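Now for the letters of each chain:
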Amino acid sequence: KFLLALALISALITTGVLLVVSYRVQVRVRVELAQALDTSITAFDRLQQQREETLERSASLLAALPTLKALMTSDDPATIQDASTTFWQLAGSQLFVLANREGTVAGFHTAVSEFPREAAQAAVARYLTTGESRDWWYGGGHLFQVFLQPIAFGAPASGNALGLVAVGYEVNQAVASDVSRVAASEVAFAYDRQLVVNTLPTDQREAVVSLVRASSGQRQVPRETSLGAARFLEQTVRISPASAPLVTLTVLKSFAESEQFVDDLNRWIIAIGATG
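The paragraphs below set out a description of the structure included in this document.

**Looking at the overall build of the protein chain**
Now for step 1: The secondary structure content of the protein chain amounts to seven helices and 10 strands.
Now for step 2: Burial analysis of the protein chain (276 residues in total) assigns 43% to the buried set.
Now for step 3: For the protein chain, contacts bridging at least 24 residues in sequence account for 53% of all contacts bridging at least 6.
Now for step 4: Just so you have it, the protein chain exposes about 14,100 Å², and 57% of that area is on carbon and sulfur atoms.

This is the structure:
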């Protein structure tokens, strides 16, 4: 009886220690996933900064071209629309807009036909109110990050305004895939809490739609969320200026790999407990 009791106590102690180890492993896994999320968002910030610098430089160079300034002096929408194709090709952007000094869109080019001219006109009107040179434009299910630059004789503050130029690139599936690869995470972009593009499987789309719809847009601590049967650690951040409509990036790290490790560990614990 003594030996049996001793064996039982030993097995209980062993199992207890191993269960504590399992719990500590699970806690550590969550901490490491949270750190990985933060690293992913930092990686996106660096990629975004590079894109912004390139696009902003492009807009500034275009606005300074004497030939573009000469075109804007015509103040004729048909002339500006026809001649602006050359400048769009020079910009190499997916969206190109010229507006006259009153803010009326005169030149409009886009790589996606679904994006309407009306959306560009509304966005230009917002720029005239806020003066924000970095913006996000959305229309026809397509999202663009856009940079706007005034066109003027002399310095823009001189009052000799001729209009403005806007260039932008689309946040499409290819961009989402690039961000996902750089961030080593699944990602989803949303405009005004509407899902625009994501890298998750199709069968998880409805869950992602609900997730971004519930987002406040304010950066919060990472939290656990379920998309169907899969568990993720998720964090959502606002990537648009406060003066612009809400655009968010949601980054998700899967628990799948760590859960497999913990399951294997638990099976090992049960086996040792049974042996003991």
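**What to know about the pattern of salt bridges**
Now for step 1: Under the definition given, this model contains six salt bridges.
Now for step 2: E52 is paired through a salt bridge with R134; the nearest N and O atoms lie 2.7 Å apart. Residue E52 is located in helix α1 (residues 2-63), and its partner R134 is located in strand β3 (residues 134-139); the two are separated by 82 residues in the primary sequence.
Now for step 3: For E52, a relative accessible area of 14% corresponds to the buried category.

**Observations concerning the packing of helix α2 (residues 66-73) against helix α3 (residues 77-91)**
Now for step 1: Contact pair α2 / α3: the axes reach a minimum separation of 10 Å and the direction vectors enclose 170°. Judged by the angle between their axes, α2 and α3 are roughly antiparallel. Here α2 runs over α3; the crossing is left-handed. Contacts between α2 and α3 involve T67, L68, L71 and M72 from the first element and T79, I80, A83, S84 and F87 from the second.
Now for step 2: Of the residues contributing to the contact of α2 with α3, the split by class is six nonpolar, three polar and no charged.

**A look at the pairing of strand β5 (residues 161-170)**
Now for step 1: Here β5 lies mainly inside the structure; nine of its 10 residues are buried.
Now for step 2: Relative to β5, strand β1 (residues 95-100) is paired through six bridges, and the arrangement is antiparallel. Opposite F96, over in β5, you have V167 as the bridge partner.
Now for step 3: The pairing of strand β4 (residues 142-152) with β5 spans nine bridges and is antiparallel. Among the inter-strand pairings, V146 is bridged to a residue of β5, identified as G168.

**What about the environment of E224?**
Now for step 1: Along the chain, E224 turns up in strand β8 (residues 223-227).
Now for step 2: Looking at E224, the relative accessible area reads 42%, which means it is partly exposed.
Now for step 3: Separated by 28 residues in sequence, E224 and L252 have C-alpha atoms that sit 9.3 Å apart.
Now for step 4: In terms of polar contacts, E224 uses its side chain to reach the side chain of R231, at 2.5 Å.

**Re the nonpolar core**
Now for step 1: Within the largest apolar cluster, 41 residues are counted, with the highest numbers of intra-cluster contacts made by L98 and F189.
Now for step 2: A per-element tally of this core places α1 first, with eight residues.
Now for step 3: With residues up to four places along the chain from it excluded, the contact list for F189 reads F44, V171, A176, V179, Q194, L195, V196, V197, I239, T248 and L249.
Now for step 4: In this structure, A99, V105, F108 and A123 belong to the second largest nonpolar core, which totals 18 residues.

**Focus on the packing of aromatic side chains**
Now for step 1: According to the stated counting rule, one finds four aromatic pairs in the structure shown.
Now for step 2: With 4.7 Å between their ring centres and 15° between their planes, Y138 and Y191 make a pair best called stacked. Of this pair, Y138 sits in strand β3 while Y191 sits in strand β6 (residues 186-191), and the two are 53 residues apart along the sequence.
Now for step 3: For Y138, a relative accessible area of 22% puts it in the partly exposed group.
Now for step 4: By way of ring pairs, the aromatic residues F108, F115 and F144 are connected into one cluster.

Definitions and cut-offs
- Residues numbered from 1 in each chain as written.
- Predicted model: local features only at pLDDT ≥ 70, side-chain atom pairs only at ≥ 80, totals over all residues.
- Heavy atoms only, no water.
- Helix = DSSP H or I, 4+ residues; strand = E, 2+ residues; numbered from the N terminus.
- Buried < 20%, exposed > 50% of the residue type's maximum accessible area, 1.4 Å probe, protein only.
- Contact = heavy atoms within 4.5 Å.
- Areas by Shrake-Rupley, 256 points an atom, 1.4 Å probe, with all protein chains shown as cover.
- Salt bridge = Lys/Arg side-chain N within 4 Å of Asp/Glu carboxyl O.
- Axes fitted to C-alpha atoms, helices over the stretch in contact; angles between N-to-C directions.
- Parallel < 35°, antiparallel > 145°, perpendicular 65-115°, else oblique.
- Left-handed = near helix turned anticlockwise from the far one by under 90°.
- Nonpolar A, V, L, I, M, F, W, Y, C, P; charged D, E, K, R; others polar.
- Pairing = 2+ DSSP bridges.
- Polar contact = N/O pair within 3.5 Å; in protein donor to acceptor, adjacent residues only side chain to side chain.
- Core = buried A, V, L, I, M, F, W, Y, C linked by side-chain atoms within 4.5 Å.
- Phe/Tyr/Trp six-rings, centres within 6.5 Å; stacked < 30°, edge-to-face > 60°.

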